Amino acid sequence: MDEEACDKTIEDDSPKHPHKPGIGLALGSGMARGFSHIGVLKVLRRHGIAPTIVTGTSIGAVVGAAYLAGKLDDLESWALSLNRMKILSYMDFRVRSAGLVGGHRLQALLKQNFKDMEIEDLPYPFIAIASDLITGHEVWMRKGSLIEAMTASFSLPGVFPPVERNHRLLIDGALVNPVPVAPAQAMGARMTIAVDLNADIMGKSAKPGQTYQTVAGFDIFNDKDVPPDQQKKISSPLTRRLFRRQENNPSLFGVMVSALSIVQDRLTRSRLAGDPPDIHIKPYIGHIGLLEFEKAAELIALGEEAAEKAIPDIKEAMEVFLPPHYS
């Protein structure tokens with residue numbers, strides 16, 4: 001494929017899978033809101049709906065990989081165990097590097113669960129989306145290290161350092177394709193289901209008493225949130241500077257995340273207009289901050305709620321796109 005002509009790169013030849021393409025599932029980016037993907041997948045599994053092609057961007061790549069690797073329940077258990085202190089413990093902050101967070105602690109966590117798994121080891125085709133830092137091209141990762149592909153897909157610029165892979169510097173795929181429907185279609189999916197985490201515009205309103213929208217939702221160093229003795233145990237001067245905010249102003253990290261949210265929202269609308277899915281699932285999660293990982297239970301429940309509402313449409317679409325003679 002000519003990358004200059006299409007402004008995207010299929011990283012390498014597609015692995016050969018014996019399964020006939022059926023349902024393609026595109027899991028979108030959205031940081032903490034990505035836990036709602038778990039709820040969607042639980043509902044699909046409950047109704048016997050099994051995607052045979054999975055594509056994911058950022059947190060969508062992580063959840064999609066966990067699903068195909070048979071580790072969705074493990075991911076859910078881990079997500080439900082998170083609190084703000086535990087989240088911060090995974091952040092190894094660096095000053096002199098290409099990202100504020102080194103990512104070594106998260107890498108160790110991924111290795112503990114996925115070990116040396118390759119994308120080819122998964123039972124169905126999987127594509128993780130990343131962005132080429134130099135060219136801006138969209139990169140589809142379909143072979144090689146699963147952990148490396150997931151890490152590249154969620155390497156938010158300024159937060160995590162770029163991932164060097166196949167002589168490229170790769171960063172968060174949300175910058176080019178927040179909800180990767182096109183890759184699923186290109187892989188031959190007969191019907192596509194997209195889970196869009198950036199559709200709930202009305203939910204992004206400010207909370208009572210605030211003069212700005214709560215997009216990040218991770219203002220951890222307010223005295224009312226964390227007792228001073230605990231702040232000393234888990235914080236450094238850099239950490240406090242990143243997350244501390246004035247009463248009616250976002251933190252530095254909040255500004256960075258809000259900027260990404262704007263990019264994702266606008267780009268998602270554009271990409272889905274050009275590559276519309278057959279089923280569009282949109283959980284109402286805009287009221288939850290992009291960094292509020294401790295709200296996993298609520299996010300999973302809201303993902304389940306959105307998926308249950310879509311089940312009649314999914315089954316109707318399956319009758320059209322996957323008739324009984326298609327096997």
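In this text, all values refer to a predicted model and were calculated from it rather than measured experimentally.

Examining the overall build of the chain
Part 1: Helices and strands together make up the secondary structure of the chain, namely twelve helices and nine strands.
Part 2: Out of the 327 residues in the chain, the part that is buried amounts to 55%.
Part 3: In the chain, the share of contacts with a sequence separation of at least 24, taken over all contacts with a separation of at least 6, comes to 76%.
Part 4: Carbon and sulfur atoms form 54% of the exposed surface of the chain, whose accessible area is close to 14,500 Å².

Comments concerning helix α6 (residues 104-114)
Part 1: Turning to α6, its buried residues are Leu109, Leu110 and Phe114. Summarising the axial view, the buried residues of α6 lie within an arc of 110°, below the 170-degree limit, and thus occupy one face.
Part 2: Where α6 is buried, its residues contact α3 (59-68), α4 (72-80) and α7 (146-153).
Part 3: Lysine 115, located one to two residues past α6, shows a positive phi value of around 50°.

Section: the packing of aromatic side chains
Part 1: One pass over the structure, following the stated rule, counts three aromatic pairs.
Part 2: Consider the rings of phenylalanine 35 and tryptophan 78, whose centres lie 6.4 Å apart with planes at 80°: the pair is edge-to-face. Pair noted here: phenylalanine 35 is in the loop between β2 (23-27) and α2 (36-46) and tryptophan 78 is in helix α4, with a separation of 43 residues, a long-range link.
Part 3: The exposure class assigned to tryptophan 78 is partly exposed, which follows from its relative accessible area of 23%.
Part 4: Pairing phenylalanine 35 with phenylalanine 293 gives two aromatic rings, centres 5.9 Å apart and planes at 75°, and the pair type is edge-to-face. With phenylalanine 35 in the loop between β2 and α2 and phenylalanine 293 in the loop between β9 (279-281) and α12 (296-321), the pair connects residues that are 258 residues apart, well separated along the chain.

A few points about the pattern of salt bridges
Part 1: One pass over the structure, following the stated rule, counts eleven salt bridges.
Part 2: As a salt-bridge pair, glutamate 148 and arginine 165 come within 2.9 Å of each other at their nearest N and O atoms. Within this pair, whereas glutamate 148 is found in helix α7, its partner arginine 165 is found in strand β6 (residues 163-165), the two being separated by 17 residues in sequence.
Part 3: Given the relative accessible area of 29%, glutamate 148 is considered partly exposed.
Part 4: In this structure arginine 165 comes out as buried when scored by relative accessible area, which is 3%.
Part 5: Taking the shortest distance from any N to any O, the salt bridge between lysine 295 and glutamate 292 comes out at 3.2 Å.
Part 6: The exposure class assigned to glutamate 292 is buried, which follows from its relative accessible area of 3%.

Let's talk about the pairing of strand β8 (residues 191-195)
Both faces of the sheet carry side chains from a regular strand, because those side chains alternate between them.
Part 1: Judged by how many residues are buried, β8 sits mostly within the fold: five of five residues are covered.
Part 2: The alternating pattern of β8 places Met191, Ile193 and Val195 and Thr192 and Ala194 on opposite faces, both of which are buried.
Part 3: Relative to β8, β2 is paired through five bridges, and the arrangement is parallel. Residue pairing across strands places leucine 25 opposite isoleucine 193, the latter belonging to β8.

Focus on the packing of α6 against α7
Part 1: Viewed as axis vectors pointing N to C, α6 and α7 meet at an angle of 140°, and their least axial separation amounts to 10 Å. Taken as a pair, α6 and α7 cross one another with a handedness that is right-handed. When α6 is examined against α7, the residues Gln107, Leu110, Lys111 and Phe114 are found in contact with a partner set consisting of Leu146, Ile147, Met150 and Thr151.
Part 2: Across the contact of α6 with α7, the residue classes tally to five nonpolar, two polar and one charged.

Concerning α3
Part 1: The buried count for α3 comes to ten of ten residues, which makes it a mostly enclosed element.
Part 2: Taken as a whole, α3 has its buried residues at Ile59, Gly60, Ala61, Val62, Val63, Gly64, Ala65, Ala66, Tyr67 and Leu68.
Part 3: Positive backbone phi, at 75°, marks glycine 70, one or two positions downstream of α3.

Considering a negative patch on the surface
Part 1: Negative charge collects at one region of the surface, where Asp116, Glu118, Glu120 and Asp121 lie side by side.
Part 2: In this structure, glutamate 120 sits in the loop between α6 and β4 (126-132).

Focus: the confidence of the model for the chain
Part 1: Per-residue pLDDT for the chain averages 82, and the proportion of residues at 70 or more is 73%.
Part 2: Overall, residues 1-7 carries pLDDT values under 50, and its contacts beyond four positions in sequence, including any with other chains, amount to ten contacts.

Focus: the nonpolar core
Side chains of a nonpolar character, in soluble globular proteins, are inclined to be buried together.
Part 1: Among the nonpolar cores identified, the biggest contains 71 residues, and Phe35, Phe126, Ile281 and Ile314 are the most heavily contacted of them.
Part 2: At ten residues, α12 tops the list of elements feeding residues into this core.
Part 3: Setting aside residues up to four positions removed in sequence, isoleucine 314 forms contacts with Leu44, Ile49, Met191, Ile193, Ile279 and Ile281.
Part 4: Of all hydrophobic cores here, the second largest spans eight residues; its members include Ile127, Ile129, Trp140 and Ala184.

Cut-offs used in this document
- Residues numbered from 1 in each chain as written.
- Predicted model: local features only at pLDDT ≥ 70, side-chain atom pairs only at ≥ 80, totals over all residues.
- Heavy atoms only, no water.
- Helix = DSSP H or I, 4+ residues; strand = E, 2+ residues; numbered from the N terminus.
- Buried < 20%, exposed > 50% of the residue type's maximum accessible area, 1.4 Å probe, protein only.
- Contact = heavy atoms within 4.5 Å.
- Areas by Shrake-Rupley, 256 points an atom, 1.4 Å probe, with all protein chains shown as cover.
- Arc of directions from axis to C-beta.
- Phe/Tyr/Trp six-rings, centres within 6.5 Å; stacked < 30°, edge-to-face > 60°.
- Salt bridge = Lys/Arg side-chain N within 4 Å of Asp/Glu carboxyl O.
- Pairing = 2+ DSSP bridges.
- Axes fitted to C-alpha atoms, helices over the stretch in contact; angles between N-to-C directions.
- Left-handed = near helix turned anticlockwise from the far one by under 90°.
- Nonpolar A, V, L, I, M, F, W, Y, C, P; charged D, E, K, R; others polar.
- Patch = residues over 30% accessible without salt bridge, like charges linked within 9 Å, V, L, I, M, F, W, Y side chains within 5 Å.
- Lys, Arg positive; Asp, Glu negative; His and termini not counted.
- Charge placed at Lys NZ, Arg CZ, Asp CG, Glu CD.
- pLDDT = per-residue confidence, 0-100.
- Core = buried A, V, L, I, M, F, W, Y, C linked by side-chain atoms within 4.5 Å.

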